[in-house]
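Given next are the chains, with one letter for each unit.
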Amino acid sequence: MTPKYIDLDNISEEQLLSTRMMDLPIAIEGTWLEECVNELYAELDARGLAFHPDCYLADEWLTPEGEVAIGIPFYLAHPALIKLERRMMLEAEGESKLWCMQLLRHEAGHAFSYAYDLHKKREWQKVFGSSQEEYGNTYKFKPYSKSYVRHLDGFYAQYHPDEDFVETFAVWLTPDADWQKKYQGWKALDKLRFVDGLMASIKGIKPIKSRGKKLWHQKNLTITLGKYYKKKYRHEQEEFPDFHDVQLGKIFTSLTDEEWWAFKKDRRKNKANQTSFPWLQEMVTAEELIRKHSKNILNSIDRCTGERKYIINDLLKNIALRAKQLHMIVSQPQAVALMQLSVYVTSITMNYIHTGLLRGTRSRK
């Protein structure tokens, strides 16, 4: 049956969420993504490389393991889908041209590795390690290490030998990166020089494998957007241990039920009297403080850790809810409480990255 025509410029969110991914009238051609892909190809041409990886719309950024095609998230093909992704996940990965090009260069590194079997070369393995090393759900990184380039957020080059290579490749490919100067004195410079020589060795040479399967292609996915986002959020959401109580007790003051109702009663009186007594400060609950400053906390931790915003946002919501359940109030200067809360959330986020981060479960790469 031919699907009903969908006007993405004039569709409600409810209708959009009930739409199957395969029925979305989207394509790379004719959009800003086509310009990005063509720019990637121009960068490869400028380096004398004879391979252009095929690009297609998928459910996420990926280069399937062993394949040579680059999957670009479907939502980037239309503003309405970018808006939905941002609302559901707090950000749309790759939504700016700069960000998109960074990710395309990264995925191109995987495609080149598979197209020319670069990861099987003994010299490659001496520099980056074994490509057969298992992709785990976690990875530990050293923020100040100079043995790895810094391209994508989250010190992604330290995740796996394959990621070390493709991140190095991406830096090498980036126009005007001036990596010789930027990485002077770093061990990562040796890797960049190796990639420079490796690419020179395949310059103008056709790949061993130029075509591959386009897995998780948007046009083959029958899942509705509503179910897709439920699955995506559930899959990548962290179930944190229930240890917030102890830490929150060090930042805020927990009241009994009787004290809590007395507190709320007194606060209502204070609000009523503030016109007559402007020096009377409003008492604040821990939940109110967290929700009021959650955006600033979220952005700060996102910049420091590189973790996805919706993960941090979900953590802050859980903490705010727990603070409300425990009848917590702010009994110290708000600036001090905010500083302590930020430190705590940052430590939890880093613990999440090191012990519970779900990456690479579908050979995302």
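Keep in mind it's a predicted model, so treat the numbers as computed, not measured.

Section: the overall build of the protein chain
Within the protein chain, the secondary structure is distributed over 14 helices and four strands. Across the protein chain, every contact between residues at least 6 apart in sequence was considered, and the portion connecting residues at least 24 apart equals 73%. For the protein chain, the accessible area works out to roughly 19,100 Å², and carbon and sulfur atoms hold 50% of it.

Some points on the nonpolar core
Side chains of a nonpolar character, in soluble globular proteins, are inclined to be buried together. In this structure, Ile72, Phe74, Leu104, Phe165, Phe169 and Met199 are the most contacted members of the largest nonpolar core, which totals 70 residues. The element best represented in this core is helix H4 (residues 97-115), accounting for nine residues. Counting 25 residues, the second-largest nonpolar core is a separate cluster that includes Ile297, Leu326, Met328 and Leu341.

Quick look at the side chain of Ser113
Tracing the sequence through the fold places Ser113 in helix H4. Setting aside its immediate chain neighbours within four residues, Ser113 contacts Leu118, His119 and Phe165.

Looking at helix H3 (residues 79-89)
The set of residues buried in H3 consists of Leu81, Ile82, Leu84, Glu85 and Met89. On an axial view of H3, the arc spanned by its buried residues comes to 160°, and they lie on one face. Turned more than 90 degrees away from the buried face of H3 sit Pro79, Lys83 and Arg87, all of them exposed. Following H3 by one or two positions, Leu90 adopts a phi angle in the positive range, close to 75°.

Looking at H4
Between the first and last C-alpha of H4 there are 26 Å, a value that for 19 residues agrees with the 27 Å anticipated at 1.5 Å per step. Buried residues dominate H4, accounting for 15 of its 19 residues. One or two positions beyond H4, positive phi appears at Asp117, with a value near 55°.

Focus on the environment of His110
Summarising the element assignment, His110 is placed in helix H4. Look at His110 and you get buried, because its relative accessible area is 1%. Taking C-alpha positions, His110 is 9.1 Å from Phe169, a pair spaced 59 residues apart along the chain.

With respect to the pattern of salt bridges
In the structure shown here, the tally under the stated rule is 11 salt bridges. A salt bridge links Asp54 to Arg211; the shortest N-O distance between them is 2.4 Å. Taken together, the residues Asp54 in the loop between helix H2 (32-46) and strand E1 (55-58) and Arg211 in the loop between helix H8 (188-201) and helix H9 (225-236) connect sequence positions 157 residues apart. Owing to a relative accessible area of 19%, Asp54 belongs among the buried residues under this scheme. Accessibility expressed as a relative area gives 59% for Arg211, which makes it exposed. With a shortest N-O distance of 2.5 Å, Arg86 and Glu95 are connected by a salt bridge. The class for Glu95 is partly exposed, based on a relative accessible area of 27%.

Brief notes about the packing of helix H6 (residues 161-173) against H8
Axis separation between H6 and H8 bottoms out at 9 Å; the angle between their running directions is 75°. Between H6 and H8, the angle is such that the two are roughly perpendicular. Only Lys191, Leu192, Val195, Asp196, Leu198 and Met199 of H8 make contact with H6, whose side of the interface consists of Asp164, Phe165, Thr168, Phe169, Val171 and Trp172. In terms of residue class, the contact of H6 with H8 is made up of eight nonpolar, one polar and three charged.

A few points about unusual backbone geometry
Although it is not a glycine, Asp117 sits at a positive phi angle of roughly 55°. Relative to the assigned elements, Asp117 resides in the loop between H4 and helix H5 (122-128).

Topic: a nonpolar patch on the surface
On the surface, Val336, Met339 and Val343 cluster together into a nonpolar patch covering about 260 Å² of accessible area. Following the sequence through the fold, Met339 ends up in helix H14 (residues 334-355).

Parameters at a glance
Position labels on residues start from 1 in each chain and follow its written sequence. Whole-chain, interface and lining totals are the exception, using all residues; otherwise, since this is a predicted model, local features are given only for residues with pLDDT of at least 70 and side-chain atom pairs are given and counted only at 80 or more. The basis for every side-chain value is the complete set of non-hydrogen atoms in the structure, without hydrogens or water. Numbering of helices and strands starts at the N terminus; helices are DSSP runs of H or I of at least 4 residues and strands are runs of E of at least 2. Residue contacts follow a heavy-atom distance rule, with two residues in contact if any of their heavy atoms lie within 4.5 Å. Residue-level accessible areas treat just the shown protein chains as cover; the underlying method is Shrake-Rupley with a 1.4 Å probe. What we call a nonpolar core is a set of buried Ala, Val, Leu, Ile, Met, Phe, Trp, Tyr and Cys residues that are connected through their side-chain atoms within 4.5 Å. Buried residues are those whose accessible area, probed at 1.4 Å on protein chains only, stays under 20% of the maximum for their type, while exposed residues exceed 50% and partly exposed ones sit between those limits. Here, the arc refers to the directions that run from the helix axis to the C-beta atoms. Helix span, expected: 1.5 Å multiplied by one less than the number of residues in the helix. Just to be clear on terms, a salt bridge is a Lys or Arg side-chain nitrogen sitting within 4 Å of an Asp or Glu carboxyl oxygen. Structural elements are reduced to axes, namely lines fitted to C-alpha atoms, with helices fitted over the stretch in contact, and the angle between N-to-C directions of any two is expressed from 0 to 180 degrees. We call two directions roughly parallel when the angle between them is under 35 degrees, roughly antiparallel when it is over 145, roughly perpendicular when it lies between 65 and 115, and oblique otherwise. Classes in brief: Ala, Val, Leu, Ile, Met, Phe, Trp, Tyr, Cys and Pro nonpolar; Asp, Glu, Lys and Arg charged; the others, Gly included, polar. Residues qualify for a patch when their relative accessible area is over 30% and they have no salt bridge, like charges being joined within 9 Å and the nonpolar side chains of Val, Leu, Ile, Met, Phe, Trp and Tyr within 5 Å.

Function-wise, these values are silent; they only describe arrangement.
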